[in-house]
Amino acid sequence: MIRYFKKAIPLSIIATGIMASASFADTFTLRVGSGHPSKPTAYVTNMEKVLVPNIKKRVAAETNHKVRIIEAYAGKIAKVHETLEAVEKGLLDIGSYCVCFETAKLLPWNFDYFVPFTTTNLETNWAVKHKILKQFPYLTKMLEDKYNQKFIAMQGFDDYGLGTVKQWQKASELKGVKVIAAGPNLPWVSLFGSIPVTSTLPTMYNDLATGVAKGVIIFPSAHAGGFKFYEQAPYWKVIGFGAMAQTITTINLDTLKKLPPEVAKIIMEEAQNYEKAAVKDGQQRYQKGLTDLVKLGKKKGINDAVTYLPLDQQKIWAETIKDWPNSRAKDISKDYDIDGAALMNAYMSEMEKTGHKFPVRYKIGG
């Protein structure tokens, strides 16, 4: 029986755009990676510790084939804003990335960013978003039709809050303050009068250290963990913007077609195990992140390193940005073959079924 072998491509060759030719063998080489580093981000950690070893182990045990996996995290092949394209072109066979960096191409995928003050539980958000993917198959189909890749898993980030250089009590105190975020969530603060600064996890620390900004919208596991943003912004405010299932994993369609069915089946099954492990890990990191920020603050002599935004202030904040979700829904409808209002209303309805109450029920559509 003839089986296809995809030779490993050295990173130096990938960089020059020279592709290796295929030959026949029982071993398949897959390039797997992400723009984010492994240790401080749950979805990449579990890509390295769960997805990759499980695929290799099962393929060796259950088939006549072998899989050799080249792992490329922390932007070794593609940076955070390049991973979608890297999978599309085949530079990565399997890639994990945050759709927040692809608003120009994947705007509909960011719909939960557009209804902030959602659930603070990542596992809940992940479960609800999977329901929405089933209700709106266009979301996964657009990855195949436009970007030559198949959706195989979804993970995410724990509850977004705000780390700042100085302590603050009311949202009005943030007016005129430069705040960093990934992009689609910058309006959370800019619409309240803050000055938005677009950045990414790998560059946020330097932005804070050099005074480019005085605050950062992020999740506590990153603020306290490997990225150590607390060193520059020691005050953390639990705002309740929400946990976001915003990272996805995809596989190049050409790669998938070349794999034997039994190998492809294992990858798909292990992708489901991987996403569950990553989401559970991400939620566990949330509470640990808050605990660590308290401890780190005390080492600096700060007894109020972690504080909570009162519900009345949360409602004022949500009321201020209440027209923005509808505006984003219109943008989705205008540029994509999907009803943005129906999409976002379905998400809010499913979220409310879990018992969540939005401080302001956004009116979208009509």
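Reading guide: rules and limits
Residues numbered from 1 in each chain as written. Predicted model: local features only at pLDDT ≥ 70, side-chain atom pairs only at ≥ 80, totals over all residues. Heavy atoms only, no water. Helix = DSSP H or I, 4+ residues; strand = E, 2+ residues; numbered from the N terminus. Rg over C-alpha atoms; globule rule 2.2 N^0.38 Å. Buried < 20%, exposed > 50% of the residue type's maximum accessible area, 1.4 Å probe, protein only. Contact = heavy atoms within 4.5 Å. Areas by Shrake-Rupley, 256 points an atom, 1.4 Å probe, with all protein chains shown as cover. Pairing = 2+ DSSP bridges. Axes fitted to C-alpha atoms, helices over the stretch in contact; angles between N-to-C directions. Salt bridge = Lys/Arg side-chain N within 4 Å of Asp/Glu carboxyl O. Disulfide = S-S within 2.5 Å. Core = buried A, V, L, I, M, F, W, Y, C linked by side-chain atoms within 4.5 Å. Polar contact = N/O pair within 3.5 Å; in protein donor to acceptor, adjacent residues only side chain to side chain. pLDDT = per-residue confidence, 0-100. 1 Å grid on protein atoms, 1.4 Å probe; cavity = no way out; pocket = protein on both sides within 12 Å on 5 of 7 lines; lining within 4 Å. Points joined across faces, edges and corners; volume = space filled by probe spheres on them. Nonpolar A, V, L, I, M, F, W, Y, C, P; charged D, E, K, R; others polar.

> When you look at the overall build of the chain in this model, what are you seeing that I'm missing?
Helix and strand counts for the chain come out as 14 helices and 13 strands. Since a compact globule built from 366 residues should have a radius of gyration of about 21 Å, the 21 Å found for the chain is in line with a globular shape. Along the longest, intermediate and shortest principal axes, the C-alpha atoms of the chain span 70 × 50 × 35 Å. Per-residue burial over the chain gives 58% buried out of 366 residues. Long-range contacts, defined here as pairs at least 24 residues apart, represent 74% of the contacts in the chain between residues at least 6 apart. Of the roughly 15400 Å² of accessible surface on the chain, 52% is carried by carbon and sulfur atoms.

> Help me understand the sheet that holds strand 6 (residues 149–154), please; the structure alone is not making it clear to me.
Within a sheet, adjacent strands bond to each other through the backbone by hydrogen bonds, running parallel or antiparallel. The strand order across the open sheet built from 5 strands is 4-3-5-12-6, with neighbouring strands paired in mixed fashion. Looking at strand neighbours, the two that pair on one side only are strand 4 (66–72) and strand 6, the edges of this open sheet. Going across the sheet, the axis of each strand differs from the next one's by a mean of 25 degrees, ignoring polarity. Strand contacts of helix 2 (residues 42–62): strand 3 (27–34), strand 4, strand 5 (94–98) and strand 12 (247–252), with the helix running at about 165 degrees to strand 4, the strand carrying the most contacts. Where helix 11 (residues 261–299) meets the sheet, its contacts fall on strand 3, strand 4, strand 5, strand 6 and strand 12, and the angle it forms with strand 6 comes to roughly 40 degrees.

> I keep staring at the sheet that holds strand 8 (residues 178–181) and nothing clicks. Help me out?
Spatially, the 6 strands line up as an open sheet ordered 9-8-10-7-11-13, and their pairing is mixed. Unpaired on one side and paired on the other, strand 9 (195–198) and strand 13 (306–308) mark the two borders of the sheet. Within the sheet, the average angular offset between the axes of one strand and its neighbour, ignoring direction, is 30 degrees. Of the strand pairs in this sheet, strand 8 and strand 9 are connected by 4 bridges, and their pairing is parallel. Counted as the bridge partner of I180 is V197 from strand 9. Along the sheet, helix 8 (residues 201–209) contacts strand 8 and strand 10 (215–218); its crossing angle with strand 10, the most-contacted strand, is approximately 160 degrees.

> Would you mind showing me how to read the pattern of salt bridges here?
Close approach of charged atoms lets side chains of opposite charge pair. In the structure shown here, the tally under the stated rule is 15 salt bridges. With its nearest N and O atoms 3.5 Å apart, the salt bridge here joins K322 to D323. Assessed through its relative accessible area of 32%, K322 is described here as partly exposed. Residue D323 is classed as exposed on the basis of its relative accessible area of 56%. Among the ionic contacts, a cluster of salt bridges with common partners joins R58, E62, K265, E269 and E270.

> Where do I start with the state of the cysteines in this structure?
Linking two cysteines covalently through their sulfur atoms gives a disulfide. According to the stated counting rule, one finds 1 disulfide in the structure shown. The side chain of C98 participates in a disulfide bridge whose partner is C100; the two sulfur atoms lie 2.2 Å from each other. Sign of the S-S torsion, about 135 degrees for the bond between C98 and C100, identifies this disulfide as right-handed. The pair C98 / C100 is uniform in exposure class, with both members buried.

> Is there a simple way to explain the pairing of strand 5 in this structure?
When a strand is regular, its side chains alternate between the sheet's two faces. For strand 5, the buried fraction is high: 5 of the 5 residues fall into the buried class. Here strand 5 shows a buried face lined by I94, S96 and C98 and a second buried face lined by G95 and Y97. As paired strands, strand 3 and strand 5 are joined by 3 bridges and run parallel to one another. Residue pairing across strands places S34 opposite S96, the latter belonging to strand 5.

> Even after reading the chapter, I still don't get the nonpolar core, so can you show me in this structure?
When a protein is soluble and globular, its nonpolar side chains tend to lie buried together. Judged by nonpolar contacts, the single largest core of 118 residues is most densely connected at W109 and W317. One finds A72, I77, A86 and L92 within the second-largest nonpolar core, a separate group that totals 6 residues.

> What is the right way to read the environment of N125 from this model?
In this fold, N125 is placed in helix 5 (residues 122–135). We classify N125 as buried; its relative accessible area is 0%. A distance of 2.9 Å separates a polar atom in the side chain of N125 from a polar atom in the side chain of Y347.

> Teacher, can you tell me more about the confidence of the model for the chain here?
For any part of a model where pLDDT is low, the fine detail of the predicted coordinates should not be relied upon. Within the chain, residue pLDDT values average 92, and 93% of them lie at 70 or more. The model gives residues 1–25 a pLDDT under 50, and that stretch makes 45 contacts with residues more than four places away or in other chains.

> Is there a simple way to explain the side chain of H223 in this structure?
Within the secondary structure layout, H223 lies in helix 9 (residues 220–224). Taking relative accessible area as the criterion, H223 reaches 0% and is therefore assigned buried. For H223, the side chain forms a polar contact with the main-chain oxygen of A233, separated by 2.8 Å. Excluding its chain neighbours within four sequence positions, the residues that come into contact with H223 are G163, V216, I218, K228, F229, Y230, A233, W236 and L293.

> Looking at this structure, I do not really get empty space enclosed by the protein. What am I missing?
Over the atoms, a rolled probe matching the size of one water molecule traces out where space is still vacant. Under the criterion given, the structure shown has 3 cavities of 30 Å³ or more. Of the volumes computed, that of the largest cavity is approximately 80 Å³. For the largest cavity, the lining is made up of 14 residues, of which Y160, A182, L201, I218 and F219 are closest to its centre. Looking at side-chain class alone, the lining of the largest cavity contains 12 nonpolar, 2 polar and no charged residues. Within this model, the second largest cavity holds a volume of roughly 60 Å³. Every residue lining the second largest cavity is listed: P40, T41, A42, Y43, G156, F157, D158, F219, S221, G282 and R285. Listed by contribution, the elements that provide at least two residues to the lining of the second largest cavity are helix 2, strand 7 (157–164) and helix 11. Among the residues making up the lining of the second largest cavity, the classes are represented as 5 nonpolar, 4 polar and 2 charged.

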